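Report on the structure
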Amino acid sequence: LEFRRVLFRSCDGLIVHTEGLKRTLSDWLGSPHPPIAVTPHGTWNRPASNPIPLSTRLPQRRLLFFGTIRRNKGVEQLIKALQFLADIHLTIAGEITDPSYFASTISPLLKNSSAIARKLTCSFAHIPETCIPSLFMDSSALILPYHDFFSQSGVLFDAIAHRTPIVTTAYGAPGEIVARHCIGTVAASSKPSDLAQSIKQLLSLDPTALDAHLDLAADNLTWGHTAAATL
């Protein structure tokens, strides 16, 4: 960490994606440090096929975790949260990039709870780009149960592009984006009970309002905006 701090301080400038990350980086580097600029992460274009409206998807209560499976993603906490949720189905789709974590934590959790397993569909593999739209269109919400996280999530912007609301934690930038654009809910922590409470809250929201907020977020968070801010 000290080497990284020295490396960052030797730069002429640093770029992060949100004001919250700017404050975190500034506090971590200490004074003096290079100027820190904020450029938002961009959102990909709306998928070619017409998105299924949330008025149809939200009542289906189908949750999605999408992305690489590693320790700081909080996957085990999300699986444990299923015990607090009735009539819920969770799809976990992503490549295992931390095999020791998966073997010691995720695999035993899946084997030891048949009740939880009945609520799960798992695809622990690389997901081709062509399969991503259908994953999101089959889902009521994307869940980002991160902990020990000091960055931005590209998957969050996949969700915006596919007009899918998000449940996340306050770690890193996702919670800041979700709260600012009113496109989901932010859990008090990554504890299973807190995640479950935030999921229940999202599923009770007005789907028409969520659709409108997701459209507005996609319009505001364009790659053109990101390019202009970067320049």
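Let me sum up the structure you'll find in this document.

Each value, and the rule that gives it
- Residues numbered from 1 in each chain as written.
- Predicted model: local features only at pLDDT ≥ 70, side-chain atom pairs only at ≥ 80, totals over all residues.
- Heavy atoms only, no water.
- Helix = DSSP H or I, 4+ residues; strand = E, 2+ residues; numbered from the N terminus.
- Rg over C-alpha atoms; globule rule 2.2 N^0.38 Å.
- Buried < 20%, exposed > 50% of the residue type's maximum accessible area, 1.4 Å probe, protein only.
- Contact = heavy atoms within 4.5 Å.
- Areas by Shrake-Rupley, 256 points an atom, 1.4 Å probe, with all protein chains shown as cover.
- Lys, Arg positive; Asp, Glu negative; His and termini not counted.
- Charge placed at Lys NZ, Arg CZ, Asp CG, Glu CD.
- Salt bridge = Lys/Arg side-chain N within 4 Å of Asp/Glu carboxyl O.
- Pairing = 2+ DSSP bridges.
- Axes fitted to C-alpha atoms, helices over the stretch in contact; angles between N-to-C directions.
- Phe/Tyr/Trp six-rings, centres within 6.5 Å; stacked < 30°, edge-to-face > 60°.

The number of helices and strands found in the chain is 12 helices and 8 strands. Its C-alpha atoms give the chain a radius of gyration of 18 Å, near enough to 17 Å, the size a compact globule of 231 residues would have. With the C-alpha coordinates aligned to their principal axes, the bounding extent of the chain is approximately 55 × 40 × 30 Å. Residues counted as buried form 48% of the 231 residues belonging to the chain. Contacts in the chain between residues at least 24 apart in sequence constitute 68% of all its contacts with a sequence separation of at least 6. For the chain, the exposed area adds up to about 11,200 Å²; of that, 56% sits on carbon and sulfur atoms. Of the side-chain charges in the chain, 20 are positive and 18 negative, and the distance between the mean point of each set is 6 Å.

In this fold, D158 is placed in helix α8 (residues 154-161). Within the buried set, D158 has no salt-bridge partner at all; the shortest N-O distance to an opposite charge, 10 Å, is to K73. Here D158 is in contact with W44, F66 and F136, once residues within four sequence places are set aside.

This part covers the sheet that holds strand β3 (residues 62-66). One open sheet accounts for 6 strands, arranged β5-β4-β3-β6-β7-β8; its pairing is parallel. Only two strands of the sheet have a single partner each, and these edge strands are β5 (120-123) and β8 (184-186). With direction set aside, neighbouring strand axes in the sheet form an average angle of 20°. The sheet contact formed by strand β6 (residues 141-144) and strand β7 (residues 166-168) spans 3 bridges and is parallel. Across the sheet, the residue bridging to I143 is V167, located in β7.

With that settled, consider the packing of aromatic side chains. How two aromatic rings sit relative to each other is given by the distance of their centres and the angle of their planes. This structure, assessed with the given rule, holds 4 aromatic pairs. For the ring pair F66 and F136, a centre distance of 5.8 Å and an interplane angle of 80° mean the geometry is edge-to-face. Here F66 is found in strand β3, whereas its partner F136 is found in helix α7 (residues 132-137), with 70 residues between them in sequence. Across the pair, F136 and F66 agree in class, each one buried.

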